[in-house]
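Single-letter residue listing:
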Amino acid sequence: MLANEPILAIENLTVSFDGFKALNQLTFGMAAGELRVIIGPNGAGKTTFLDVITGKVQPQTGSVRFQGRDLRQRSEHAIARLGIGRKFQTPRVYLNLTVRENLDLACNPRKNVFATLFGRPSSGDKRHVVGLLETIGLEAKADLSANLLSHGEKQRLEIGMLVAQSPDLLLVDEPVAGLTDEETENVGALLLALAESHSIIVIEHDMEFVRQIARQVTVLHQGSVLCEGTMDEVQNDPRVIEVYLGSEQ
Ligand code: ADP
Ligand code: MG
């Protein structure tokens, strides 16, 4: 694949729920290696947008191409296998396993929990897990049970579990909702570090956080792209002030 080839090319996407258009002729493109932040008021269609990319929702019209491949009619599982990983808002980690065991399990999706607990990981797996622990900044907590982690640490662990599956594109929905300022900054630093080697879409409400990580921002409104640009450009766009920033004041 060429470096500047789009990783994602979406055209004229429409999703109707009982006649209501959650997405309306949405067109969106993103180059490989980009970190893109998507903002927009509640109900703008942000989560539905991710649902279409991951195959959870089938659009009525439009096309979604990932690395040149058409994703329509593919199952969620098949799309995940093509290299798209999704982080949901609430962490989905195994609370009774340690941080290390959670990562080991994520590295070996075919292994079951018992094999992870009682088997011996290969040296390659161990190195991979050590690298992930370092990336997510949880080396010191590797042998703690995940239920002892703070909410922010759980978010970072789940991001690590996602990265363990080596996706090319990471989709992250509101990763800092409910986090402290310090935890928000840690998650931001982690996403910036991952952006060195992954394409990432982050959906977020927290404007401070968006400012911390954003390069290119896409604003969704009523199921379509309202505008795109740097955070400064977007913030100063009168349409955005009206529909989004204005509505928060
Ligand atoms: P956002 O994530 O930007 O807040 P959503 O994508 O969740 O927005 O929702 C967009 C719109 O579509 C909302 O008005 C929501 O109520 C509606 N919607 C989303 N999912 C469904 C569904 N499964 N059935 C009916 N309406 C839905
Ligand atoms: Mg949402």
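Residues numbered from 1 in each chain as written. Chains lettered and ligands numbered in written order. Predicted model: local features only at pLDDT ≥ 70, side-chain atom pairs only at ≥ 80, totals over all residues. Heavy atoms only, no water.

Some remarks on the site of ligand 1
Part 1: Inspection of the region around ligand 1 gives F17, F20, A22, P41, N42, G43, A44, G45, K46, T47 and T48 as its neighbouring residues.
Part 2: Between ligand 1 and T47, the relevant distance is 2.9 Å, taken from an oxygen atom to a side-chain nitrogen or oxygen of the residue.
Part 3: Take T48: an N or O atom from its side chain is 2.5 Å from an oxygen atom of ligand 1.
Part 4: Looking at the shell around ligand 1, the elements that each hand over two or more residues are β2 (20–31) and α1 (46–53).
Part 5: At three residues, the largest contribution of residues to the shell around ligand 1 is made by α1.
Part 6: Partitioning the shell around ligand 1 into residue classes produces five nonpolar, five polar and one charged. (Near = heavy atom within 4 Å. Polar contact = N/O pair within 3.5 Å; in protein donor to acceptor, adjacent residues only side chain to side chain. Helix = DSSP H or I, 4+ residues; strand = E, 2+ residues; numbered from the N terminus. Nonpolar A, V, L, I, M, F, W, Y, C, P; charged D, E, K, R; others polar.)

Some thoughts on the sheet that holds strand β10 (residues 224–229)
Part 1: Strand order across the open sheet formed by six strands is β6-β7-β8-β3-β9-β10, with mixed pairing between neighbours. Every other strand in the sheet has two partners, leaving β6 (84–87) and β10 as the edge strands with one partner each. Taking the axes of each pair of neighbouring strands and ignoring which way they run, one obtains an average angle of 20 degrees across the sheet.
Part 2: Pairing analysis gives five bridges linking strand β9 (residues 216–221) to β10, with the strands arranged antiparallel. What sits directly across from H221, in β10, is S224.
Part 3: Each of β6 and β7 (169–173) is contacted by helix α6 (residues 151–164), which is oriented at about 165 degrees to β6, the strand it contacts most.
Part 4: Packing of helix α7 (residues 181–194) onto the sheet brings it into contact with β3 (35–39), β7 and β8 (199–203), and relative to β8 it is tilted by some 150 degrees. (Pairing = 2+ DSSP bridges. Axes fitted to C-alpha atoms, helices over the stretch in contact; angles between N-to-C directions. Contact = heavy atoms within 4.5 Å.)

Observations regarding the domain arrangement of the protein
Part 1: The domain boundaries assigned to the protein delineate domain 1 (1–83 + 169–189 + 198–249) and domain 2 (91–166).
Part 2: At the interface, nine residues of domain 1 touch nine residues of domain 2.
Part 3: With both sides pooled, the region where domain 1 packs onto domain 2 buries about 730 Å², and carbon together with sulfur makes up 68% of that total.
Part 4: Summed over the three residues of domain 1 that lose the most area to domain 2, namely L170, E183 and V187, the buried surface amounts to 44% of that side.
Part 5: For the interface between domain 1 and domain 2, the tally reads zero salt bridges. (Domains from an automatic or database assignment. Buried area = accessible area lost by both parts, 1.4 Å probe. Salt bridge = Lys/Arg side-chain N within 4 Å of Asp/Glu carboxyl O.)

A few points about the packing of α6 against α7
Geometrically, a packed helix pair is captured by the angle between its two axes and the distance between the axes.
Part 1: At their nearest, the axes of α6 and α7 sit 9 Å apart, and the two run at 15 degrees to each other. As summarised for this structure, α6 and α7 are arranged roughly parallel, according to the angle between their axes. Remark: the crossing between α6 and α7 carries right-handed chirality. Contacts between α6 and α7 pair H151, G152, E153, Q155, R156, I159 and V163 from the former with E183, N186, V187, L190, L191 and L194 from the latter.
Part 2: Class assignment for the residues of the contact of α6 with α7 results in six nonpolar, four polar and three charged. (Parallel < 35°, antiparallel > 145°, perpendicular 65-115°, else oblique. Left-handed = near helix turned anticlockwise from the far one by under 90°.)

Things to note about α1
Part 1: Within α1, seven of the eight residues are buried, which leaves it mostly tucked inside the rest of the structure.
Part 2: Remark: G55 follows α1 within two positions and exhibits a positive phi of approximately 85 degrees. (Buried < 20%, exposed > 50% of the residue type's maximum accessible area, 1.4 Å probe, protein only.)

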